[in-house]
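Geometric and topological summary
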Amino acid sequence: MTPPTGTTGTQLGRRQWAFAFALVTSLFFTWGFAYGLLDVLNAHFQTVFGISKLQSTLLQLAYFGAYFVWAPFAGIFMRRVGYKKGIHIGLGLYSIGAVFFWPSAKYESYGGFVGSTFVIGCGLSTLEVAANSYISVLGTPQYAAARLNFSQGFQGVASFAGPLIASRWFFTGANATSLGTVQWVYLAVAGLGIVLNILFFFCDLPEITEDALAEEIDEVGITDGQGPFWKQYRCIFGFVAQTAYVGAQVTIASFAVNFLVDQGVGIDQSKASQLFSFCQVTFTVGRFLGVLMLNFIDPALLLAFYGFCCSLFCLLVSQLPGYSAVACLFCLFFFESICYPCIFTLGTKNLGVHTKRGSGLIVMGVGGGAWYPPAQGALADATNTRHSYLVPVSGYIAMTIYAVGLVVDQSRKNGFSFRNRDELTNNLKHTFDHFSPTESLPGDAKGRSSSEKKVFSDELVGVA
């Protein structure tokens, strides 16, 4: 199958760029809603099925294990057929998995819920490879982290909508010990996926290809993406950092309801679910604030600082009692906000022909969410929920090491900079300096020089 022909994000017109950006951003709401419900179902199923905290983490194992198994294949598939067909496949799997929640609830089958969650995870991992990668390359690398944080901010909006719905429908009255409302909620989720699939079928989504991206960075002398894929160390270590971070983030959220109830300050499950939704609101606000900061602060440097804060507050959550630990939990959610998008954009930056494969690898790191919850669940059963929050500290430390390593590497190559730098324009200027007035620049770099800054400034206005 011949790969689709296409363009680059910086070559799109302003209206075309805005349309593509808004369309793909709508996808982030779908998996944000599914993820928000998943964490609350974890606690709900403990009550309905009478299972332990460790057994309830099978949902996380299925959901995030799907990312680990399926994401690499999604990246390879999209290299051959393009982003749009990949989005159709992802939305299709997402809807099928949600539909099968109906018979699982009807027959009260926990195994059925686990299997359906795996199918949903396969669909969402496909959407993440497509949407995260597409937003990252939809313009200059300088603002990639800001773009992705803005888009994923809508995932945060959906994430706190899930627990709010659960607190109203899952934990009150007769619903507290039944699955009746679960089937209706997921039937609506399936309908949302079908509607989005139809909309994408009739919409013209510009295809951004790896060859065009490789030509764009080659023209300005950036050679980071040259060589075989296994030598793209920024991406490979980004996969390790993403695995560790997502594992920590997922297990923090998975046991948040249990943690709040176990603090002994009069918080029941319904109130804990509401507080958890407020944690997600804090996360979302932090993500939108991050968009503003990432327009001016170097993403690797900001990620290093946020990683340190996550490590510190997670440690405090595991050691402090009562409302002090609850306050630290809110702080932890705030500093988690920018981490995933920053790791993704830093790990896939300037990969050229390896962009989609690299995106698949970084999204595969979401599979870390399958391994951390069982470890924390086992420790929670053996001791208590509060002390089990020592487990995710290791994930935040690993992420911080990756970010600090990137800062050191950037400083060694180009000098330390606090501000976010525009590599394409800087390298293009450097290329101009090495050509005499009578010499011609490679490719279309000469035409790009007069319009690059305008494209980038328009993009900044659109994102901010």
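Please read these numbers as outputs of a predicted model, since none were measured by experiment.

Reading guide: rules and limits
- Residues numbered from 1 in each chain as written.
- Predicted model: local features only at pLDDT ≥ 70, side-chain atom pairs only at ≥ 80, totals over all residues.
- Heavy atoms only, no water.
- Helix = DSSP H or I, 4+ residues; strand = E, 2+ residues; numbered from the N terminus.
- Buried < 20%, exposed > 50% of the residue type's maximum accessible area, 1.4 Å probe, protein only.
- Contact = heavy atoms within 4.5 Å.
- Areas by Shrake-Rupley, 256 points an atom, 1.4 Å probe, with all protein chains shown as cover.
- Expected span 1.5 Å × (residues − 1).
- Salt bridge = Lys/Arg side-chain N within 4 Å of Asp/Glu carboxyl O.
- Core = buried A, V, L, I, M, F, W, Y, C linked by side-chain atoms within 4.5 Å.
- Phe/Tyr/Trp six-rings, centres within 6.5 Å; stacked < 30°, edge-to-face > 60°.
- Polar contact = N/O pair within 3.5 Å; in protein donor to acceptor, adjacent residues only side chain to side chain.
- Axes fitted to C-alpha atoms, helices over the stretch in contact; angles between N-to-C directions.
- Left-handed = near helix turned anticlockwise from the far one by under 90°.
- Nonpolar A, V, L, I, M, F, W, Y, C, P; charged D, E, K, R; others polar.
- pLDDT = per-residue confidence, 0-100.

Side note on the overall build of the protein
Of the regular secondary structure elements, the protein holds 20 helices and zero strands. Here the protein holds 464 residues, and the buried ones make up 59% of them. Partitioning the intrachain contacts of the protein with sequence separation of at least 6 by distance along the chain shows that 84% fall at a separation of at least 24. Accessible surface, the protein: about 17600 Å² in total, of which carbon and sulfur atoms supply 67%.

Digging into helix 14 (residues 322-336)
For an α-helix, 3.6 residues make a turn, and residues three or four places apart therefore share a direction. For helix 14, built from 15 residues, the straight-helix expectation of 21 Å at 1.5 Å per residue is met to within 8% by its first-to-last C-alpha distance of 22 Å. All of the buried residues in helix 14 are Gly 322, Ala 325, Val 326, Cys 328, Leu 329, Leu 332, Phe 333, Phe 335 and Glu 336. Where helix 14 is buried, its residues touch helix 10 (233-254), helix 11 (256-261), helix 12 (269-294), helix 13 (299-319), helix 15 (339-347) and helix 18 (393-414).

Side note on the pattern of salt bridges
Across all of its chains, the model carries one salt bridge by this definition. A salt bridge links Arg 412 to Asp 409; its shortest N-O distance comes to 2.9 Å. Note that Arg 412 and Asp 409 are positioned in helix 18 at a spacing of three residues, about one turn of the helix.

Some points on the nonpolar core
A general tendency of soluble globular proteins is for nonpolar side chains to be buried together. Residues Leu 27, Leu 124, Tyr 186, Tyr 245, Leu 329 and Tyr 396 are the most contacted members of the largest nonpolar core, which totals 119 residues. The leading source of residues in this core is helix 1 (residues 14-49), at 13 residues. Those residues in contact with Tyr 396, other than ones at most four positions away along the chain, are Tyr 245, Ala 248, Gln 249, Ile 252, Gly 307, Cys 310, Ser 311, Cys 314, Leu 332 and Glu 336.

What to know about the packing of aromatic side chains
Scanning the entire structure with this criterion turns up 21 aromatic pairs. Taking 4.6 Å as the distance between ring centres and 75° as the angle between the ring planes, the aromatic pair formed by Tyr 63 and Phe 64 counts as edge-to-face. Exposure class is identical for Tyr 63 and Phe 64. Each is buried. Measuring from centroid to centroid gives 5.9 Å for Phe 150 and Phe 288, while their planes differ by 75°, and the two rings are edge-to-face.

So, the environment of Leu 303
Looking at the secondary structure, you find Leu 303 in helix 13. The exposure class assigned to Leu 303 is buried, which follows from its relative accessible area of 0%. For the pair formed by Leu 303 and Ile 338, sequence separation is 35 residues and the distance between their alpha carbons is 7.4 Å. If we skip the residues at most four places from it in the chain, Leu 303 touches Ile 338, Cys 339, Cys 342, Ile 343, Leu 346, Met 399 and Ala 403.

Notes on the side chain of Ser 116
Here Ser 116 lies in helix 6 (residues 110-137). Judged by relative accessible area, Ser 116 falls into the buried class, the value being 5%. Ser 116 has contacts with Gly 97, Phe 100, Phe 101 and Ser 104, leaving out every residue within four places of it along the chain.

Some details on the environment of Arg 287
Take Arg 287: it is sitting in helix 12. It is 9.4 Å that separates the C-alpha atoms of Arg 287 and Pro 341, two residues lying 54 residues apart in sequence. Leave out the neighbours within four places in its chain, and Arg 287 touches Asn 149, Gln 152, Gly 153, Gln 155, Ser 337, Tyr 340 and Pro 341. Engagement of the side chain of Arg 287 in a polar contact is seen with the backbone oxygen of Ser 337, the distance being 2.8 Å.

Brief notes about the packing of helix 3 (residues 58-81) against helix 6
If you want to describe how two helices pack, look at the angle between their axes and the distance between the axes. Two elements in contact, helix 3 and helix 6, have axes separated by 7 Å at closest approach and are oriented at 35°. For the element pair helix 3 and helix 6, the recorded crossing hand is right-handed. Looking at the contact of helix 3 with helix 6 residue by residue, the classes come out as 19 nonpolar, six polar and one charged.

Quick notes on the side chain of Gln 376
Counting through the fold element by element, Gln 376 comes out in helix 17 (residues 372-382). In this structure, Gln 376 is in contact with Thr 251, Ile 252, Phe 255, Thr 385, Ser 388, Tyr 389, Val 391 and Pro 392, ignoring residues within four places of it in sequence.

Structural notes on the confidence of the model for the protein
Scored by pLDDT, the protein comes out at a mean of 78, with 78% of its residues at no less than 70. Averaged pLDDT values for the elements of the protein fall to 43 in helix 20 (residues 445-463) and rise to 94 in helix 13. Predicted confidence is poor over residues 440-464, with pLDDT under 50, and the contacts of this stretch with residues over four places away or in other chains come to 47 contacts.

A few points about helix 6
With 28 residues, helix 6 extends 40 Å from end C-alpha to end C-alpha; this agrees with the ideal 40 Å at 1.5 Å per step. Within helix 6, 23 of the 28 residues are buried, which leaves it mostly tucked inside the rest of the structure. Gly 139 occupies a position one or two residues after helix 6 and carries a positive phi of about 135°.

Side note on the environment of Gln 274
Examined against the element boundaries, Gln 274 turns out to sit in helix 12. Judged by its relative accessible area of 35%, Gln 274 falls in the partly exposed class. Between the alpha carbons of Gln 274 and Val 257 there is a distance of 9.2 Å; along the sequence they are 17 residues apart.

Digging into unusual backbone geometry
Backbone geometry at Glu 108 places phi at a positive 50°, although glycine is not the residue there. Here Glu 108 falls in the exposed class, since its relative accessible area comes to 52%.

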